[in-house]
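Architecture at a glance
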Amino acid sequence: MKILLWNCNNGISKQTQIDYFKSFECDIAVIPELKEHNIEKLNPSSSIWITNNFENKTPKGLGILGFDNVQLELLPRDEDMEIYIPIKVNTSKLNFTLLAVWNFYWACKQGRFKDLKGDNCLEWAALEQYKAILKDPSLIVGDWNFGPTFSQEEFVKLNNILNKQGIKSLYHDFENIPVTDTKNYTYKSPMKTFHHLDHMFGSLYFLNKMKNFKVSSLDEAILSDHAALLLELDI
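Residues numbered from 1 in each chain as written. Predicted model: local features only at pLDDT ≥ 70, side-chain atom pairs only at ≥ 80, totals over all residues. Heavy atoms only, no water.

1. Thoughts on the pairing of strand β3 (residues 46–50)
- Where burial is concerned, most of β3 is hidden: four out of the five residues are buried.
- Taken together, the five bridges between β3 and strand β4 (residues 60–66) define a ladder with antiparallel strand orientation. When the bridges of β4 are listed, Ser 47 appears paired with Leu 65. (Buried < 20%, exposed > 50% of the residue type's maximum accessible area, 1.4 Å probe, protein only. Helix = DSSP H or I, 4+ residues; strand = E, 2+ residues; numbered from the N terminus. Pairing = 2+ DSSP bridges.)

If you want it as structure tokens, here you go:
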């Protein structure tokens, strides 16, 4: 099984982007910045798409796509949490919980978390909100907009919270490095600074079944400022 995370940067509409996406041959894809009308061309067997931008006629959102008969079921969610999407994933070999993330923290566009910082801000509230459903086997996948190279203290806190639930950063476990380090950047800013902001976290099942974890080169990404991350599982 292959699970892809790729912030596509303002949709997937060009054929070169579509070909790049399909080259990963993934079973499940978590795609921040996907536009809803992009989904048809990617031809998933099931999909979930949610946006927090209700002013734009063709807004970006967070898309989760299942292929080869992977079925996605949206679980009850707090709509103020931009954007955290709890999903039940059903496959022929495995059923598990997925929390897909495009994290806006204090920059939420609306709702009770807008401009809110500190211990009660979005990311910590969301982890507490969905804690009960994140039992083994579970995955948390998305663009968090922070990591070991940006807001490192917050990223350490995130890992400490998840570790108490038996959930770890799959990249750091695979590379056998501390969560304060990285060997790969996943984002290039307009100012040509580089950061690791995109993450997958997994429970014990996924830690044991992980066969490979690849971060593609930023230079390979087609019309995007984010690298693609691909988790391969021995299932």
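2. Notes on the sheet that holds strand β9 (residues 168–169)
- Here we have six strands laid out as an open sheet, ordered β5-β6-β7-β8-β12-β9, and mixed in their pairing. Only two strands of the sheet have a single partner each, and these edge strands are β5 (71–74) and β9.
- Taken together, the six bridges between strand β7 (residues 95–102) and strand β8 (residues 138–143) define a ladder with parallel strand orientation. Following the sheet pairing, Val 101 is matched in β8 by Gly 142.
- The strands touched by helix α4 (residues 152–163) are β8, β9 and β12 (198–202); relative to β12, the strand with the most contacts, the crossing angle is about 15 degrees. (Contact = heavy atoms within 4.5 Å. Axes fitted to C-alpha atoms, helices over the stretch in contact; angles between N-to-C directions.)

3. So, the pattern of salt bridges
- Counting across every chain of the model gives five salt bridges.
- We note a salt bridge from Glu 33 to Lys 60, for which the minimum N-O separation is 3.4 Å. Of this pair, Glu 33 sits in strand β2 (residues 28–35) while Lys 60 is found in strand β4, placing the two residues 27 residues apart along the sequence.
- When its relative accessible area of 31% is taken as the criterion, Lys 60 is described as partly exposed. (Salt bridge = Lys/Arg side-chain N within 4 Å of Asp/Glu carboxyl O.)

4. Some thoughts on unusual backbone geometry
- Cis rather than trans, the peptide bond between Glu 82 and Ile 83 has omega equal to -25 degrees.
- Take Ile 83: it is sitting in the loop between β5 and β6 (84–90).
- Look at Asn 43: it is not a glycine, yet its phi comes out positive at around 55 degrees.
- For Asn 43, the position within the fold is in the loop between α2 (39–42) and β3.

5. Thoughts on the packing of helix α3 (residues 122–129) against α4
- Viewed as axis vectors pointing N to C, α3 and α4 meet at an angle of 10 degrees, and their least axial separation amounts to 11 Å. Judged on the interaxial angle alone, α4 and α3 are roughly parallel. Contacts between α3 and α4 pair Glu 123, Trp 124 and Leu 127 from the former with Glu 154, Lys 157, Leu 158, Ile 161 and Leu 162 from the latter.
- Residues of the contact of α3 with α4, tallied by class, amount to five nonpolar, no polar and three charged. (Parallel < 35°, antiparallel > 145°, perpendicular 65-115°, else oblique. Nonpolar A, V, L, I, M, F, W, Y, C, P; charged D, E, K, R; others polar.)

6. Brief notes about the environment of Pro 137
- Topologically, Pro 137 is positioned in the loop between α3 and β8.
- Along the chain, Pro 137 and Phe 96 lie 41 residues apart, while their C-alpha atoms are 5.4 Å from each other.
- Setting aside its immediate chain neighbours within four residues, Pro 137 contacts Leu 94, Asn 95, Phe 96, Thr 97, Ser 203, Tyr 205 and Phe 206.

7. A look at the sheet that holds β4
- The strand order across the open sheet formed by six strands is β3-β4-β2-β1-β14-β13, and the pairing between neighbours is mixed. The strands lining the two open edges of the sheet, one partner per strand, are β3 and β13 (210–215). The mean angle between the axes of side-by-side strands here comes to 15 degrees, regardless of whether they run parallel or antiparallel.
- As paired elements, strand β1 (residues 2–5) and β2 share three bridges and run parallel to each other. Bridge assignment links Leu 4 to a residue of β2, and that residue is Ala 29.

8. Overview of α4
- Here α4 spans 16 Å end to end across 12 residues, near enough to the 16 Å set by a 1.5 Å rise per residue.
- Of the surrounding elements, those touching the buried residues of α4 are α3, β8, β9, α5 (170–175) and β12. (Expected span 1.5 Å × (residues − 1).)

9. Considerations on helix α1 (residues 15–22)
- Looking at α1, one finds that the buried residues are Gln 17, Ile 18, Tyr 20 and Phe 21. End-on, the buried residues of α1 take up no more than an arc of 160 degrees, which puts them together on one face.
- For α1, the secondary structure elements touched by its buried residues are β1, β2, α2 and β4. (Arc of directions from axis to C-beta.)

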